[in-house]
Amino acid sequence: MNTEFMREAIRLSIENIRAGNGGPFGCVIVKDGKIIAQGTNKVTSSNDPTAHAEIVAIRNACSALNTFQLTGCEIYTSCEPCPMCLGAIYWARPDKIYFAGGRSDAAAVGFDDDFLYRELPKQINERTIPTEQLLRDEALEGFREWDKKNDKIKY
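Scoring rules and cut-offs
- Residues numbered from 1 in each chain as written.
- Predicted model: local features only at pLDDT ≥ 70, side-chain atom pairs only at ≥ 80, totals over all residues.
- Heavy atoms only, no water.
- Helix = DSSP H or I, 4+ residues; strand = E, 2+ residues; numbered from the N terminus.
- Buried < 20%, exposed > 50% of the residue type's maximum accessible area, 1.4 Å probe, protein only.
- Contact = heavy atoms within 4.5 Å.
- Areas by Shrake-Rupley, 256 points an atom, 1.4 Å probe, with all protein chains shown as cover.
- Lys, Arg positive; Asp, Glu negative; His and termini not counted.
- Charge placed at Lys NZ, Arg CZ, Asp CG, Glu CD.
- Pairing = 2+ DSSP bridges.
- Axes fitted to C-alpha atoms, helices over the stretch in contact; angles between N-to-C directions.
- 1 Å grid on protein atoms, 1.4 Å probe; cavity = no way out; pocket = protein on both sides within 12 Å on 5 of 7 lines; lining within 4 Å.
- Points joined across faces, edges and corners; volume = space filled by probe spheres on them.
- Nonpolar A, V, L, I, M, F, W, Y, C, P; charged D, E, K, R; others polar.
- Core = buried A, V, L, I, M, F, W, Y, C linked by side-chain atoms within 4.5 Å.

**Considering the overall build of the chain**
Here comes step 1: Summing up its helical and strand segments, the chain has 7 helices and 4 strands in all.
Here comes step 2: Along its sequence from the N terminus, the chain presents helices and strands in the succession α-β-β-α-α-β-α-β-α-α-α.
Here comes step 3: With the principal axes as the frame, the chain shows a C-alpha extent of 50 × 40 × 25 Å.
Here comes step 4: Each of the 155 residues in the chain was classed as buried or not, and the buried ones make up 33%.
Here comes step 5: Put simply, of all contacts in the chain between residues at least 6 apart along the chain, 48% involve residues at least 24 apart.
Here comes step 6: Carbon and sulfur atoms make up 53% of the accessible area of the chain, which amounts to about 10,200 Å² in all.
Here comes step 7: Averaged over its 19 positive side-chain charges, the chain has a centre that lies 4 Å from the centre of its 22 negative ones.

**Quick notes on the pairing of strand 2 (residues 34-40)**
Here comes step 1: The pairing of strand 1 (residues 26-31) with strand 2 spans 6 bridges and is antiparallel. If you follow Cys27 over to strand 2, its bridge partner there is Gly39.
Here comes step 2: In textbook terms, the turn of a hairpin is the stretch between consecutive antiparallel strands, and for strand 1 and strand 2 this stretch comprises 2 residues, one of which, Asp32, has a positive phi near 50°.

**Section: the sheet that holds strand 4 (residues 96-101)**
Here comes step 1: Across the sheet, 4 strands lie side by side as 2-1-3-4; this open sheet has mixed pairing. Pairing within the sheet leaves two strands with one partner each, and these edge strands are strand 2 and strand 4. When the angles between neighbouring strand axes are averaged without regard to direction, this sheet yields 15°.
Here comes step 2: By the bridge criterion, 5 bridges tie strand 1 to strand 3 (residues 73-79) in an arrangement that is antiparallel. Bridge pairing in strand 3 links Val30 to Glu74.
Here comes step 3: Sheet strands in contact with helix 3 (residues 53-65) are strand 1, strand 2 and strand 3, and its direction is about 140° off that of strand 2.

**A few points about the layout of surface pockets**
Here comes step 1: What the largest pocket holds in volume is close to 390 Å³.
Here comes step 2: Taken together, 20 residues line the largest pocket, and the ones lying closest to its centre are Pro49, His52, Cys82, Phe111 and Asp113.
Here comes step 3: Mapped onto the lining of the largest pocket, the elements with two or more residues apiece are helix 2 (43-46), helix 4 (83-92) and helix 6 (113-119).
Here comes step 4: In terms of residues, the lining of the largest pocket owes the most to one element, helix 4, which gives 3 residues.
Here comes step 5: Tallied by class, the residues present in the lining of the largest pocket amount to 11 nonpolar, 5 polar and 4 charged.
Here comes step 6: Its volume calculated, the second largest pocket comes out at about 240 Å³.
Here comes step 7: Along its surface, the second largest pocket is lined by Pro83, Asp112, Phe115, Leu116, Glu119, Leu120, Arg127, Thr128 and Ile129.
Here comes step 8: The dominant element in the lining of the second largest pocket, judged by the number of residues it contributes, is helix 6, at 3 residues.
Here comes step 9: The residue makeup of the lining of the second largest pocket, split by class, is 5 nonpolar, 1 polar and 3 charged.

**Some points on the nonpolar core**
Here comes step 1: Grouped together as the largest cluster of nonpolar side chains are 20 residues, with contacts concentrated most on Cys27, Ile29, Ile58, Ala61, Leu70 and Ile75.
Here comes step 2: For this core, the secondary-structure elements that each account for two or more residues are strand 1, helix 3, strand 3 and helix 4.
Here comes step 3: The greatest single-element share of this core, amounting to 6 residues, is contributed by helix 3.
Here comes step 4: Beyond its immediate sequence surroundings of up to four residues, Leu70 is in contact with Ile29, Ile58, Ala61, Cys62, Leu65, Ala92, Arg93, Pro94 and Asp95.
Here comes step 5: Counting 8 residues, the second-largest nonpolar core is a separate cluster that includes Met6, Ala9, Leu12 and Tyr98.

What follows is the structure, encoded as structure tokens:
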């Protein structure tokens, strides 16, 4: 753990607000004691609801390392990751996550993080956005093909 890396993530979050690029979120990814990538929230400036600081940083780190996994890396983010970012972090497989502000801190200033955490464990028919499963049997063909594929790259 290095508090200077967290301070950099926090600095990026504040700089991002002042630049008018998006919300108050910053993230750095560290490998071997060096920052290899960073990201800030670009949701409103890029019209991309997935352009959260952690997602941007993960994309930058994977590009820099030419890999789809961040084994051997640590993620420092200015706020507890939202469910989308947490999922992306788990897919990237870093060694550790550090965060500063919590989901309740984000909720207190109008962000949906805490709401989304409460929404996920609900049954599909109880969620706020109506969701319906269609054509499952047809979709299973893709899974069957993947299962049989001998040259697949596992992730």
